[in-house]
Amino acid sequence: MTSVTQPSNQHTIAVLVDNEPGVLARVIGLFSGRGYNIESLTVAETRRGRHLSRITIVTSGTPMVIEQIKAQLGRLIPVHQVSDLTLEGAYVERELALVKVKGTGEKRVESLRIADIFRARAVDSTNESFVFEIVGTSSKIDAFVDLMKPLGLIDISRTGVVAISRGTDSLEGDD
Amino acid sequence: MAKEQMNGSEIVLKALVDHGVTEVFGYPGGAVLPIYDAIFKQNRLRHILVRQEGGAVHAAEGYARSTGKVGVVLVTSGPGATNAVTGLTDALMDSIPIICLTGQVPTHLIGNDAFQEADTTGITRPCTKHNYLVRSVDDLARVMHEAFLVAESGRPGPVVIDLPKDVLMAMGEYLPKNKVALKSYKPQLKAPAKNIKDAVAMIKAAKKPIIYAGGGVINSGPKASQLLTQLVKATGAPCTLTLMGLGAFPATDKQYIGMVGMHGTYEANMAMHDCDLMIAVGARFDDRITGRLDAFSPTSKKIHIDIDPSSINKNVAVDLCIVGDVAHVLEDMMKVLKTSQTKPEAKALKAWWAQVNEWRSKESLKYTQKGQVIKPQHAICRLQEMTDKLKREVYITTEVGQHQMWAAQYFGFEKPNHWLTSGGLGTMGYGLPAAMGVQIAHPKALVIGVAGEASFMMNMQELSTIAQYRLPVKVLILNNFYMGMVRQWQELMHGSRYSESYMESLPDFVKLAESFGMKGLRATKLSEMDAMLEEMIAHDGPVIADLNVDPKENVYPMIPSGAAHNEMLLGPDDNTVNSGAEEGLALV
């Protein structure tokens, strides 16, 4: 009842699920059906043979909505664990992007120079283009992309955020 | 030693039998023919042939709600499955345990737009607690056992198992049910001891407590209802129930203050608004209960007991969350309560009851039966008086609309599992097939489906099922020749513009009954009513009773949408609240 007045915050949530058909659809359907935001979502099997996938979701909402999102995720049968990394202490967050820049002459040199500052690697090169690989927080990638725009940016592919808690805590447990 | 091989259909039936299933509600079709063939060859499972798949799910809901067991449905692929969707959604909203077996085209045809193919697991994902597509016969027994575990434990709900035809025909091994466990699914039954202690401390400190209980108490089993009664007695607090909770606490008890919510009693809603401690037990703060959220019980502390963590703090922020099964939590709570002197102080409680009784004295359910035009409220009251005298179990099902509210307001229940209604989804057409399911489960009981003429017509094909199995279901139609609740809202909120809410071209319900070999009765005025009701109750077979009631009668009291608990309309002459606010109009 206070949800109207509460401020909306961004949360990074890690979800451990059975790697089975339809599990991603369940998670996405939950978000769309109940009107929650998905700002980023990544999913992949974590270790072969254990049939577990880890989903990292970046979402936003008031504290009451975030509580609901976690409770609703927990209700899904194939969900093993739900962890709100934003609330549960320090964590590391990374995203990878492949950024294609087209240009010649001074602009081309400038893009390479900026890539160097951002520790982005050129993973493909033609006479008039580069594909840079950059890893970092989403805001770092945003900044890189902004700088590349005037230098001939034509294509971006981003993975979305993956995240993990610092220290010895584990979502998955030992083998 | 090689294990016994059987085909997929036999595995399905063996699993059903192993889980204690004795009745299945279904309708055959191409994709499930192998199961129907297996049913033909055995005699442990009884198949009830419905007339439309939607009827099968509602019948299974009635069966489940009145027995506490899982209701089982068997339908074919494509349209069979899509017809089941409304019932599945209904069962999800009201937390009814259902297993719905759907046929599917053979695995090699899935995705090819084959005849009678539908993406059943895709369609039913948001309207089931869980669903499965079984791609190999090797998974079949495990999935069957898991499905029962999911459907009946925790907060119960519907589970769909989609069965491709080739899987049903393939040979495989049966896995015993005790070999199955779900690692990722462990509903919390017992609450931490600290929660219980804190709750008891809050009860002790309360001056104006109220207990607000819902369908979760009924889902938790008959023991939960007994424990709820003990809690109400131990605290001395007034008790109100939701629509789904009726029967969880005896209606004749002095501490019962009636149903809460949009058409609840004045005293229940006022007490909810003014209390200083609300103990919510297996209820979910639905919008029909709370009215305007920012004015909902503004000064109370709230304890919420629910097995589903997502029900807690969803609509209303509470002070103490207790996640657990109602029976387990109340049992622990009673233990702590018994060892400590816990009644809220007697003086405060006495003052609170004086206030509650003052609200009660408004007699918000009062109606006037004058002349020969039958008031629907009076019909329900007479029905109760007549059935109270019987030594039979009486079950009441309803459709959705005005008649449903009148039945809820005027028919009192002493025991759980005897009241069956579509609460969350509000599905017109629920009551007739649900009554059928109840009668299948309780052949000797008196099962009365209170209906409106509009709702009744939504699933009246099931009359044929009732005739086939000679189910002595009594359908009491409170016929007002309108979609009454639609008409009521149009009158109150849309300037009496009765757009499309008048029921024209109604059948002659007496002749309709007779065409199915049933008894048809009609009463059009008060002097005929009692005799008709008595004949309906006494008749040893199915009856359709067409009771023509006052077409202009509305359901009161009422919290208009967008209004708060303390802004109730008590009757047509009550102009104390101007509820026509634009804000309220947009709400449902």
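As shown above, the structure is provided for reference.
Below, the structure is looked at part by part.

Quick notes on the rules
Residues numbered from 1 in each chain as written. Chains lettered and ligands numbered in written order. Predicted model: local features only at pLDDT ≥ 70, side-chain atom pairs only at ≥ 80, totals over all residues. Axes fitted to C-alpha atoms, helices over the stretch in contact; angles between N-to-C directions. Helix = DSSP H or I, 4+ residues; strand = E, 2+ residues; numbered from the N terminus. Parallel < 35°, antiparallel > 145°, perpendicular 65-115°, else oblique. Left-handed = near helix turned anticlockwise from the far one by under 90°. Contact = placed C-beta atoms within 7 Å. Nonpolar A, V, L, I, M, F, W, Y, C, P; charged D, E, K, R; others polar. Pairing = 2+ DSSP bridges. Buried ≥ 20, exposed ≤ 12 C-beta atoms within 10 Å, placed from the backbone.

**Quick notes on the packing of helix α16 (residues 376–388) of chain B against helix α17 (residues 402–410) of chain B**
All names here are of chain B.
Step number 1: Running from amino to carboxyl end, α16 crosses α17 at an angle of 45°, the nearest separation of the two axes being 9 Å. What the angle tells us is that α16 and α17 run oblique. Once α16 is placed against α17, the crossing between them reads as right-handed. Of α17, the residues touching α16 (which contributes P376, Q377, I380, C381 and Q384) are H403, W406, A407 and Y410.

**A closer look at the packing of helix α3 (residues 53–67) of chain B against helix α5 (residues 85–93) of chain B**
Residues and elements named next belong to chain B.
Step number 1: Contact pair α3 / α5: the axes reach a minimum separation of 7 Å and the direction vectors enclose 25°. As the angle between them shows, α3 and α5 are arranged roughly parallel. When α3 is examined against α5, the residues G54, V57, H58 and E61 are found in contact with a partner set consisting of T86, G87, L88, D90 and A91.
Step number 2: Taken together, the residues of the contact of α3 with α5 break down into 3 nonpolar, 4 polar and 2 charged.

**Brief notes about the sheet that holds strand β4 (residues 71–75) of chain B**
Residues and elements named next belong to chain B.
Step number 1: Read across the sheet, 6 strands follow the order β3-β2-β4-β5-β7-β6 without closing on themselves; strand pairing throughout is parallel. The open sheet has two edge strands, β3 (46–49) and β6 (130–133), and neither has a second partner. Neighbour-to-neighbour, the strand axes of this sheet turn through a mean angle of 20°, independent of strand direction.
Step number 2: By the bridge criterion, 2 bridges tie strand β2 (residues 23–26) to β4 in an arrangement that is parallel.

**Points about the interface of chain A and chain B**
Step number 1: Contacts between chain A and chain B engage 19 residues on the former and 19 residues on the latter.
Step number 2: When residues in the side of chain A that touches chain B are grouped by element, the largest group, 7 residues, is from helix α2 (residues 63–75) of chain A.

**Describing the sheet that holds strand β3 (residues 52–61) of chain A**
Residues and elements named next belong to chain A.
Step number 1: One open sheet accounts for 4 strands, arranged β2-β3-β1-β4; its pairing is antiparallel. Edge strands, defined here as strands with exactly one partner in the open sheet, are β2 (40–47) and β4 (79–84). When the angles between neighbouring strand axes are averaged without regard to direction, this sheet yields 20°.
Step number 2: One ladder, built from 5 bridges, connects strand β1 (residues 9–18) with β4; its direction is antiparallel. Looking across to β4, one finds that V17 is bridged to V79.

**Quick notes on the environment of I134 of chain A**
All names here are of chain A.
Step number 1: Within the element layout of this structure, I134 appears in strand β7 (residues 129–136).
Step number 2: Here I134 falls in the buried class, since 22 other C-beta atoms lie within 10 Å of it.
Step number 3: Spatially, the C-alpha atoms of I134 and V99 are 7.8 Å apart, while their sequence positions differ by 35 residues.
Step number 4: With residues up to four places along the chain from it excluded, the contact list for I134 reads A97, V99, F118, A120, I141 and F144.

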